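Next come the chains, spelled out residue by residue.
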Amino acid sequence: RPRAPPARRMHAAWSSCVSRAARGASPSARTAPKRTTAARRVDVLALRERKRAVARAAAADAMDADDGSTKVDVCAWLDAREGQKEAVAGVFAIYDVDGVCQYVDYARNVEQAVRAVRGRVGAQRAAWTRVMAFRNAAMATKDILASEARRWREALGTTPALNAEWDAEDEDDTKSAPASVETTEPSKEPVVSPFAANVGADGEAKVTEGDGVGSEDADAPKLELTMENVDKALDEVRPYLIADGGNVELMSIENGIVVVRLNGACGSCASSSATMKGGIEKLLKQKFGDAVEEVCNVSGELEEMSVETIEEYLGKLRNSIKSYGGECKVLTLERGVLLLEFKGPQALAFSIAESIKKKFPLVRECKIKQIA
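Position numbers for residues count from 1 along each chain, tracking the sequence in the order it is written. At least 70 in pLDDT is required for a residue's local features to be given in this predicted model, at least 80 for side-chain atom pairs to be given and counted, and no such filter applies to totals for whole chains, interfaces and linings, which use all residues. Only hydrogens and water are set aside when side-chain values are computed; all heavy atoms of the structure are taken into account.

Trainee: I keep staring at the nonpolar core and nothing clicks. Help me out?
Mentor: The tendency in soluble globular proteins is for nonpolar side chains to be buried side by side. In these notes, a set of buried Ala, Val, Leu, Ile, Met, Phe, Trp, Tyr and Cys residues joined through side-chain atoms within 4.5 Å is what counts as a nonpolar core. We call a residue buried when its accessible area falls under 20% of the maximum for its residue type, exposed when it is over 50%, and partly exposed in between, using a 1.4 Å probe and counting protein chains only. In this structure, Ile310, Leu314, Leu338, Leu340, Ile352, Ile356 and Val363 are the most contacted members of the largest nonpolar core, which totals 29 residues. In this view, Ile356 contacts Ile310, Tyr313, Leu314, Leu338, Leu340 and Val363; residues no more than four positions away in its chain are not counted. With 18 residues, the next largest nonpolar core counts Val230, Leu241, Leu250 and Ile280 among its residues. A contact between two residues is defined here by any heavy atoms of the two lying within 4.5 Å.

Trainee: For this particular structure, what's the right way to read the sheet that holds strand S11 (residues 337–343)?
Mentor: The strands making up a sheet are joined through hydrogen bonds of the backbone, oriented either antiparallel or parallel. Pairing in this open sheet of three strands is mixed, and the strands run S10-S11-S12 from one edge to the other. Unpaired on one side and paired on the other, strand S10 (327–334) and strand S12 (365–370) mark the two borders of the sheet. Averaged over neighbouring strand pairs, the angle between their axes works out to 25° when direction is ignored. Relative to S12, S11 runs parallel, the two being bridged by six bridges. By definition, two strands form a pair when at least two bridges between them are found by DSSP. Numbering of helices and strands starts at the N terminus; helices are DSSP runs of H or I of at least 4 residues and strands are runs of E of at least 2. All axes here are fitted lines through C-alpha atoms, helices being fitted over the stretch that makes contact, and every angle between N-to-C directions spans 0 to 180 degrees.

Trainee: Just checking my understanding: could you explain the environment of Ala126 for this structure?
Mentor: Note on placement: Ala126 falls in the loop between helix H4 (110–121) and strand S4 (128–134). Classification of Ala126 by relative accessible area gives buried; the value is 0%.

Trainee: What's the story with helix H3 (residues 74–81) in this structure? I'm lost.
Mentor: Think of an α-helix as turning once every 3.6 residues; residues three or four places apart then point the same way. Those residues of H3 that sit buried are Val74, Ala76, Trp77, Leu78 and Arg81. Pairs of N or O atoms within 3.5 Å make up the polar contacts considered here, provided that, within protein, one atom can donate a hydrogen while the other can accept it, and that residues adjacent in sequence are counted only when both atoms are side-chain atoms. At the N-terminal end of H3, a side-chain oxygen is found 3.0 Å from the backbone nitrogen of Cys75, two or three residues along, and the residue is Asp73. Once H3 ends, the next one or two residues include Gly83, with phi positive near 95°.

Trainee: What exactly am I supposed to notice about the packing of helix H5 (residues 142–156) against helix H12 (residues 346–359) here?
Mentor: Pairs of packed helices are described in terms of their axes, by the angle between the two and the distance that separates them. Taken N-terminus to C-terminus, the directions of H5 and H12 make an angle of 150°; their axes are 10 Å apart at the nearest point. The angle between the axes of H5 and H12 places the two elements in the roughly antiparallel class. Where H5 crosses over H12, the two elements pack in a sense that is right-handed. Taking contact as the criterion, the partners of Asp143, Ile144, Ser147, Glu148 and Arg151 in H5 are, on H12, Gln346, Ala347, Phe350, Ser351, Glu354, Ser355 and Lys358. Within the contact of H5 with H12, the residues separate by chemical class into three nonpolar, four polar and five charged. Orientation is classified from the angle alone, with under 35 degrees giving roughly parallel, over 145 giving roughly antiparallel, 65 to 115 giving roughly perpendicular, and any other angle giving oblique. Take the far helix as your reference; a near helix turned counterclockwise from it by less than a right angle gives a left-handed crossing, and one turned clockwise gives a right-handed crossing. Here the term charged refers only to Asp, Glu, Lys and Arg, the term nonpolar to Ala, Val, Leu, Ile, Met, Phe, Trp, Tyr, Cys and Pro, and the term polar to all other amino acids, Gly among them.

Trainee: Could you clarify how one ought to interpret the sheet that holds strand S3 (residues 101–107) in this entry?
Mentor: Taking strand neighbours across the sheet as the criterion, the four strands line up as S1-S4-S2-S3 in an open arrangement whose pairing is antiparallel. Of all strands in the sheet, those with a lone pairing partner are strand S1 (72–73) and S3, marking the two edges. Here seven bridges tie strand S2 (residues 89–95) to S4, and the two strands are oriented antiparallel to one another. The residue of S4 that forms the bridge with Phe92 is Val131. The sheet contacts of H5 involve S2, S3 and S4, and relative to S3 the element is tilted by about 165°.

Trainee: Sorry if this is basic, but what is going on with the pattern of salt bridges here?
Mentor: Oppositely charged side chains may form a pair once their charged atoms are brought near each other. By convention in these notes, a salt bridge is any Lys or Arg side-chain nitrogen within 4 Å of a carboxyl oxygen on Asp or Glu. The final tally for this structure, using the stated rule, is eleven salt bridges. Residues Glu148 and Arg151 are paired through a salt bridge, measuring 3.9 Å at the closest nitrogen-oxygen approach. Pair noted here: Glu148 and Arg151 are both in helix H5, with a separation of three residues, about one helical turn. The buried category is assigned to Glu148, whose relative accessible area is 0%. A salt bridge links Asp231 to Arg238; the nearest nitrogen and oxygen atoms lie 2.8 Å apart.

Here it is as structure tokens:
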């Protein structure tokens, strides 16, 4: 049989390729094995794992800073922290999948707190987090953490949704809690707290002039603010504090700031702040008038207040301050007013000022000179 001309053979080969392409097959497809469903699933899982690895790396970078400036994926942030034994205190914010802030709070163990919120509300409402860690124990006091969390909420301009919901739930639980029944026999001569308001026949609290410790005529002459006079005035509240297993000790007076130390049961009492403000400070202002600007309580020995001692204290915080991108030094200290030169985030400056006032109660005011 004679062979077909070359042109006809080329046309036949071309037609064969076109027909195979129309059927969706290639010459090599007949020999290539088909991918199974399991193999495709492995590819999808591998892709997801690569994405998670990238997210974990980003979260690890953010965790090294944890300065409150970066939002990261909650799961990645928690994965990066998993296995760390040391608990870190801090302030944190939780955001939903749309980036809307849902919750702001502080915690002694910020990882545990973020994990708890995530478990409570789920991935939709807790998709992202922003954390400011306080790794220096001197700056991780309850007052500083609470103040920083309050600043975050105020910066939002509105109360986050979860904060509003959970605060309302706590309030409802408080209202619905059954009243406790006192079964102890009352003492024949009960000890009356000088800091409690009188209770009227209608059950409403009211204050009656002339009742309670320290009540005196507003026009009465004020005493001179001296150690002797203040210690004598404190004798009016000491019997009540001693009856509860505590006492009060006068430590120092400087620039209108009276420093005391609550001892015994009063030092660890949950109502110690109420004792200070509602009792001792009120009494001293009645006795000494405007000469008393503030009454502070210290738990240990009173630190000497000077430029050198405050600069030494800042030296202990310097590594932590530097890790947050800040620099700070003491400029002047006059009559209890401290002036600091500071460079860095404003929130960090506020935390430093609060920490100094906590350490040195005789610092009446801490001013910040911000530099570029």
